[in-house]
Amino acid sequence: MQRLKHKGKIVFVFSDPGGAKPCLALIEESNLTNVIAISDREHSFYKDFNTPVEILTQGFEDFIDAIKPELIFTATSYRSDIEQQFIKIALKRSIACYSFVDHWTSILKRFEDAAGEIVLPNQVWVIDERAKLLAIEQGIDEDKIVISGNPYHDWLSNWEPAVSKDNFISQIGLTNKNKKLLVYAPDPLSNINGKDIYGFDELSATLELVNLFDEHKIELKDWIVLVKAHPNQNREELNKVIHDHTIFKPLANDIDTNTCIYYADIVMGFFSSFLIEAAIMHKPVIRFFNKSIENDPIAELNIGTIVNKTTIISNLKSH
């Protein structure tokens, strides 16, 4: 894993969990102390890390002028422009700037501002060789690219929950502690026109699952599906699909993701980093596709077992 060795002040900037967690883990893995972490969003997992996070939504230039950092290190969220704004400030003031990309999808587009201009930092950190090749294909200069690994994965491999399973079960409102837990983390594919790209999105796939569990509710009577929506998800639309199906239980935003994974019997999703994190925590993973996928962005990782509507039932019954 790539580490930072700067002695001067470093400002970390992030919004989405996929970038926030690696940034906070990088601070700890690099033993950095002269840092300030800022975000435009609150997340419950901040408490898992030693670095306090300051919420900042305006006055970015004044903030940087007061701090005078040696380095600005950003994540690359796709539903927030806070990182893009800080990259521009860094370039304008000749401050070194690195950015971390936590996935293999839309690497170049993460640096596109509202006007369609691509603004790149001094270095683009990517998670592996495959991500580097994709970044080059999309037009990022190879000299800018650093293969860093994902610092959050190193940090996560040693993580343990602060609460017992019984307390977790009570926290999420389950009365039957003997139910098997299928933690379902549907990627918000509808945000990126998933039906056009993959032939489905989280809403159509969840509807398939709801119908399957209704049809096989006797066979699957020992299971409960805990729906861990992505922070960028349209939860209202997702909950409409789940409706009043008692097998499917939506979890509140503040329910800790790692604790969900740790106590899951199986973790299910499509392409999300959630699945990679579950594999790191040695959890069984299944990936539900209601049709064949030719452009699977995490195919090369061999994460989990791919199931469809004819194989998922037998897969669950075998656990």
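Refer to the structure presented above.
Reading guide: rules and limits
Residues numbered from 1 in each chain as written. Predicted model: local features only at pLDDT ≥ 70, side-chain atom pairs only at ≥ 80, totals over all residues. Heavy atoms only, no water. Helix = DSSP H or I, 4+ residues; strand = E, 2+ residues; numbered from the N terminus. Contact = heavy atoms within 4.5 Å. Pairing = 2+ DSSP bridges. Axes fitted to C-alpha atoms, helices over the stretch in contact; angles between N-to-C directions. Salt bridge = Lys/Arg side-chain N within 4 Å of Asp/Glu carboxyl O. Buried < 20%, exposed > 50% of the residue type's maximum accessible area, 1.4 Å probe, protein only.

> I'd love a proper account of the environment of D222, names of residues and values included.
Within the element layout of this structure, D222 appears in the loop between α8 (202-215) and β9 (223-227). Put simply, D222 and N178 are 44 residues apart on the chain and 7.8 Å apart in space, counted from C-alpha to C-alpha. D222 has contacts with K179 and K180, leaving out every residue within four places of it along the chain.

> Could you give an account of the sheet that holds strand β1 (residues 10-14), naming the residues involved and the relevant values?
Strand order in the open sheet made by the 7 strands is β3-β2-β1-β4-β5-β6-β7, with parallel pairing throughout. Each end of this open sheet is capped by a strand with a single partner; those strands are β3 (53-55) and β7 (145-147). Here the average twist between neighbouring strands, direction ignored, is 25°. By the bridge criterion, 3 bridges tie strand β6 (residues 123-126) to β7 in an arrangement that is parallel. For V126, the partnering residue across the bridge sits in β7 and is I147. Contacts from helix α1 (residues 17-29) reach β1, β2 (35-39), β3, β4 (71-74), β5 (96-100) and β6, with the element oriented near 155° to β1. Of the strands in this sheet, β6 and β7 are in contact with helix α4 (residues 129-137), which crosses β7 at around 165°.

> Tell me about the pattern of salt bridges, and name the residues and values.
Opposite charge on two side chains allows them to pair when their charged atoms are near. This model, assessed by the stated rule, comprises 14 salt bridges. Note that R110 is salt-bridged to D102, the shortest N-O span being 3.6 Å. Residue classification places R110 among the buried positions, given a relative accessible area of 11%. On the accessibility criterion, D102 (13% relative accessible area) is buried. The salt bridge involving D296 is made with R287; its shortest N-O contact spans 2.8 Å. Note on accessibility: D296 and R287 belong to one class, buried. Linked by salt bridges that have partners in common, E61, D65, K92 and R93 make up one network.

So, to be careful, I would describe these as geometric facts and stop short of saying anything about function.
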